[in-house]
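The residues making up each chain are set out below.
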Amino acid sequence: MIRAHNLTLSLRDGQHRRPVLQGISIHIGRGEWVALTGANGCGKTSLIRTFNGLNTPSGGSLSVAGLDLRLPQNRAAVKQHVQLVFQNPEAQTVGSTPFEDIAFGLENRGLDRSLMIARIHDILQQVGLAHKAEADVASLSGGERQRLAVGCCLALEAGMIIFDEATSMLDPAGRRDILGLARELWKSGTTVLWVTQRMEELAESPRIAVMGDGQLLYDGDPRTLFYASELPDTLGWTPSPVVRIGRLLQRQGWPLHLLPLTEPQLEAML
Ligand SMILES: Nc1ncnc2c1ncn2[C@@H]1O[C@H](COP(=O)(O)OP(=O)(O)OP(=O)(O)O)[C@@H](O)[C@H]1O
């Protein structure tokens, strides 16, 4: 889905251009779930905006869904394949009802009206908003608005959805809800890039990419990152309670592949 090699990006900062991404090489296959993390200002948003064609790479190569994003004509086309769900639920709705919002996404697809209405209802059903089809968007909760944003991605038939800290403004129930919806889509074949600062969400991801100062510092599995790498300590991360217990077990000689990453894994061990 995404192939970046030695990707660099510099952005205008007043009179100067400042380097924001440096030498990023990453391959994300179709159907993968990758969590992307790193401190504020390390370049996560700049990277995903580049994947989505909103930023123009300054160097290296980048192909997304088979489109070479060094070519300007491909940058608009890529948005069909890669959709973003942002942090702020209020910033991404355009219609006054969920029905209208999904309809906007389908408008350019040239669907016959009855097919379009059926498709809108299908999508609302899929994101759990069938009962709110005609509700005023302003009356939706933050979690419902994020569900609606996901529905808009589905309307565009995006093969990849990038969630840019999409749960950070939600309460714990809303967070679980959106994470659960993202997992359902992933299980049905959507490629997911899940940007997060939350340790437990990282630990539950099959693959983690860590950025620092515009560079990719780590790209691999969570066990190696949390139990066999010094990076979390170097970056000053506070380990999740499960990883803290796992580190105690590790000191007692437990092998890497048995160390717990998630609460259910720890519960199963106990
Ligand atoms: N349009 C822009 N013009 C100039 N510099 C920019 C622009 N957008 C971002 N930057 C700079 O690029 C760097 C990376 O910012 P970016 O928003 O990509 O980081 P981030 O990891 O997503 O941060 P956060 O977690 O706070 O959202 C920062 O130093 C930021 O000030």
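- By the naming in an unreviewed UniProt entry, the chain goes by ABC transporter domain-containing protein and is assigned to Paenibacillus borealis.
- Per UniProt, the comment on the chain under Subcellular location (unreviewed entry) is "Cell membrane".

### Here's the deal with the UniProt feature "domain: ABC transporter" (unreviewed entry) in the chain
- In the UniProt entry, the feature "domain: ABC transporter" (unreviewed entry) is given for residues 2-238.
- Helix and strand shares over residues 2-238 are 35% and 27% respectively, and the end C-alpha atoms of the span are 30 Å apart.

### Re the nonpolar core
- Judged by nonpolar contacts, the single largest core of 66 residues is most densely connected at Val 64, Val 85, Ile 161, Ile 162, Phe 163 and Leu 193.
- Broken down by element, the residue count for this core peaks at 7 residues, all from helix H5 (residues 142-155).
- Apart from the residues lying within four places of it in its own chain, the contact partners of Ile 162 are Ile 48, Phe 51, Asn 52, Val 82, Leu 84, Leu 193 and Val 195.

### Digging into the pairing of strand E10 (residues 215-220)
- Direction of pairing for strand E9 (residues 208-212) relative to E10: antiparallel, over a ladder of 5 bridges. Looking at E10, one finds that Ala 209 is bridged to Asp 219.
- Here E9 folds back onto E10, and the loop between the two strands holds 2 residues, one of which, Asp 213, carries a positive phi near 50°.

### Considering the sheet that holds strand E6 (residues 82-85)
- With mixed pairing, the 6 strands of this open sheet are ordered in space as E6-E7-E8-E3-E9-E10. With one partner strand each, in any of the chains shown, E6 and E10 form the two edges of the open sheet. Sheet twist, expressed as the average angle between the axes of neighbouring strands with direction ignored, equals 20°.
- Pairing of strand E3 (residues 33-38) with strand E8 (residues 191-195) involves 4 bridges; the strand directions are parallel.

### Some details on the confidence of the model for the chain
- Looking at the chain as a whole, its pLDDT mean stands at 92, while 100% of the residues score no less than 70.
- ipTM for the predicted complex: 0.95, alongside a pTM of 0.92.

### Examining the site of the ligand
- Around the ligand lies a shell of 13 residues, among which Leu 11, Asn 40, Lys 44, Thr 45 and Ser 46 are the nearest.
- Classifying every residue of the shell around the ligand by side-chain character gives 3 nonpolar, 6 polar and 4 charged.

### What to know about the environment of Leu 266
- Along the polypeptide, Leu 266 turns up in helix H11 (residues 263-269).
- Sequence separation of Leu 266 and His 27 is 239 residues, and the distance between their C-alpha atoms is 31 Å.

### Topic: the sheet that holds strand E4 (residues 59-64)
- The 4 strands are arranged E2-E1-E4-E5 in an open sheet whose pairing can be described as antiparallel. The sheet terminates laterally at strand E2 (16-28) and strand E5 (67-68), the two strands that pair on one side only.
- By the bridge criterion, 5 bridges tie strand E1 (residues 2-13) to E4 in an arrangement that is antiparallel. Bridging across to E4, Ile 2 finds its partner in Val 64.

### Considering the pairing of E8
- The buried count for E8 comes to 4 of 5 residues, which makes it a mostly enclosed element.
- Pairing of strand E7 (residues 160-164) with E8 involves 5 bridges; the strand directions are parallel. When the bridges of E8 are listed, Asp 164 appears paired with Val 195.
- For the handedness criterion, the β-α-β arrangement of E7, helix H6 (residues 172-187) and E8 is classed as right-handed.

### Focus: helix H1 (residues 44-51)
- Most of H1 is tucked away, with 6 of its 8 residues classed as buried.
- Within H1, burial applies to Lys 44, Thr 45, Leu 47, Ile 48, Thr 50 and Phe 51.
- Once H1 finishes, Gly 53 follows within two positions and takes phi at roughly 80°, a positive value.

### Description of the packing of helix H4 (residues 113-126) against H5
- Between H4 and H5, the least distance of the axes is 9 Å, while the angle of their chain directions is 135°. It follows from the interaxial angle that H4 and H5 lie oblique. For the crossing formed where H4 meets H5, the hand is right-handed. Counting all contacts with H4, which are made through Ile 123, Leu 124 and Gln 126, the residues of H5 involved are Gly 151, Leu 154 and Ala 155.
- Residue classes in the contact of H4 with H5 are distributed as 4 nonpolar, 2 polar and no charged.

### Digging into the packing of helix H3 (residues 98-106) against H5
- One can describe the packing of H3 onto H5 by two numbers: an axis separation of 8 Å at closest approach and a directional angle of 30°. Between H3 and H5, the angle is such that the two are roughly parallel. Relative to H5, the crossing made by H3 is right-handed. Of H5, the residues touching H3 (which contributes Pro 98, Asp 101, Ile 102, Gly 105 and Leu 106) are Leu 148, Gly 151, Cys 152 and Ala 155.
- Looking at the contact of H3 with H5, its residues break down into 6 nonpolar, 2 polar and 1 charged.

The rules behind the values
- Residues numbered from 1 in each chain as written.
- Predicted model: local features only at pLDDT ≥ 70, side-chain atom pairs only at ≥ 80, totals over all residues.
- UniProt positions renumbered as here; feature names shortened; annotations may be inferred.
- Helix = DSSP H or I, 4+ residues; strand = E, 2+ residues; numbered from the N terminus.
- Core = buried A, V, L, I, M, F, W, Y, C linked by C-beta atoms within 7 Å.
- Buried ≥ 20, exposed ≤ 12 C-beta atoms within 10 Å, placed from the backbone.
- Contact = placed C-beta atoms within 7 Å.
- Pairing = 2+ DSSP bridges.
- Axes fitted to C-alpha atoms, helices over the stretch in contact; angles between N-to-C directions.
- pLDDT = per-residue confidence, 0-100.
- Near = placed C-beta within 6 Å.
- Nonpolar A, V, L, I, M, F, W, Y, C, P; charged D, E, K, R; others polar.
- Right-handed = clockwise from strand over helix to strand, strands pointing away.
- Parallel < 35°, antiparallel > 145°, perpendicular 65-115°, else oblique.
- Left-handed = near helix turned anticlockwise from the far one by under 90°.

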